[in-house]
Structure formats: structure tokens, C-alpha cells
Amino acid sequence: MKLKHTIAPAVFYSSVFLVVGIGIILFAIRIIMSGEAKLSTLSFVIMFVGIIIVVISLLSIKSTLKKVKVTDDLKQTGYKCPGVIIEIVPDYSMAIDGNHPFIARCHVMDSVTGEIMVLKSDPYFNNLSKLMYKEVDVYIDDLKKGRYFIDMDKLISENPGLVSEIASYDYTPY
């Protein structure tokens, strides 16, 4: 299981929160063990906050690693279809420091049914606009058509001059 450059930071930050949560729990246990009655209620509240932080970080790590596993499984067992990038748009559902990532929408023809599907990629903070109308590999699950992976990383690595590292957010739809 190889962590992509977009997945590794998520695991790192979740691990940092995990360590912080464990530290808070140990701090609360130390207060409880000191035997001061005035601080016992406060220490239980602190411990509860620590437990919540630990649980959230463990769930975050689990979901991130599951996404990596699903992607690897699709690359190995899913069927590979060529797709064409038809649109690059900002993903306004998320933002980091006020910047929105880009997603690519692709047309993919299902080789079994002949149906044309429109699929969207994972979000990328790179400016992908020069990758319009490029062919990209799409891996689709045989059993669940809604489970797919668009291999944008391969396309980006093959066209390094077309992808700028700093995304441009001057987007006009038409």
C-alpha cells in the first residue's frame, strides 16, 4: 500500500491529533491520581475531550487508509477504460486558506453497455486546466459502477509542463 502525496499529509495530521489526544488523556489521569477532589470533575471532562480526539483521529486514519486500499484494489481488479477530460472546475465544497481545489470531469464509455458516464476525479490543488481533452485511465469496479478511480496522478506525472504547482483561481465558467 503506497501513500500518495495527497494522502500522506492526512495520515500525518491525524497521527498528530492522535498523539495530542493521548497526551490529554494521560494529563487527565495524572490529575485524577494526584487525589485533589476539586479537580476530579474537571479532569474527567479533560479526559472525555481527549478520548473524543483519539476516536476522531483513529476514524480519520482508518478512512484515509481504506481509500488507499480501494484505489489499489481498483487498479488491480477493476477494468481499465480510457476517459477524456471534458471539464476542469473548482470544487467549492472545500477550501484551504480560501483556495479551492480543482476536479476533472471525464467522459468514459462503458465497454460492456456502451453507456457514456460522466465521472469526477478527486480534488487537486494543482491547476489542471491545460489537461483538458487529454485521455486519462479510469478504473471501474465490475460489480459496482459507482466505484471508480480516475488516475490523474499518472496523467500529471506524464505532463509535468502542463500542470502548474500553484493553482490559478481566476475561473469563469464560460
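Some remarks on the confidence of the model for the protein
As a general rule, the predicted coordinates of low-pLDDT regions are not to be interpreted in detail. Model confidence for the protein is summarised by a mean pLDDT of 81, while 84% of its residues fall at 70 or above. Overall, residues 166-174 carries pLDDT values under 50, and its contacts beyond four positions in sequence, including any with other chains, amount to 15 contacts.

Topic: the pattern of salt bridges
Taken as a whole, this structure holds 7 salt bridges when the rule is applied. Among the ionic pairs, D137 bridges to K80, the shortest N-O distance being 3.6 Å. With D137 in strand 4 (residues 135-140) and K80 in strand 1 (residues 79-90), this pair connects stretches of sequence that are 57 residues apart. Take K80: its relative accessible area is 49%, and that puts it in the partly exposed class. Where R147 meets D141, a salt bridge forms, and the shortest distance between an N and an O atom there is 3.3 Å. Taking relative accessible area as the criterion, R147 reaches 28% and is therefore assigned partly exposed.

What counts, and at which threshold
- Residues numbered from 1 in each chain as written.
- Predicted model: local features only at pLDDT ≥ 70, side-chain atom pairs only at ≥ 80, totals over all residues.
- Heavy atoms only, no water.
- pLDDT = per-residue confidence, 0-100.
- Contact = heavy atoms within 4.5 Å.
- Salt bridge = Lys/Arg side-chain N within 4 Å of Asp/Glu carboxyl O.
- Helix = DSSP H or I, 4+ residues; strand = E, 2+ residues; numbered from the N terminus.
- Buried < 20%, exposed > 50% of the residue type's maximum accessible area, 1.4 Å probe, protein only.

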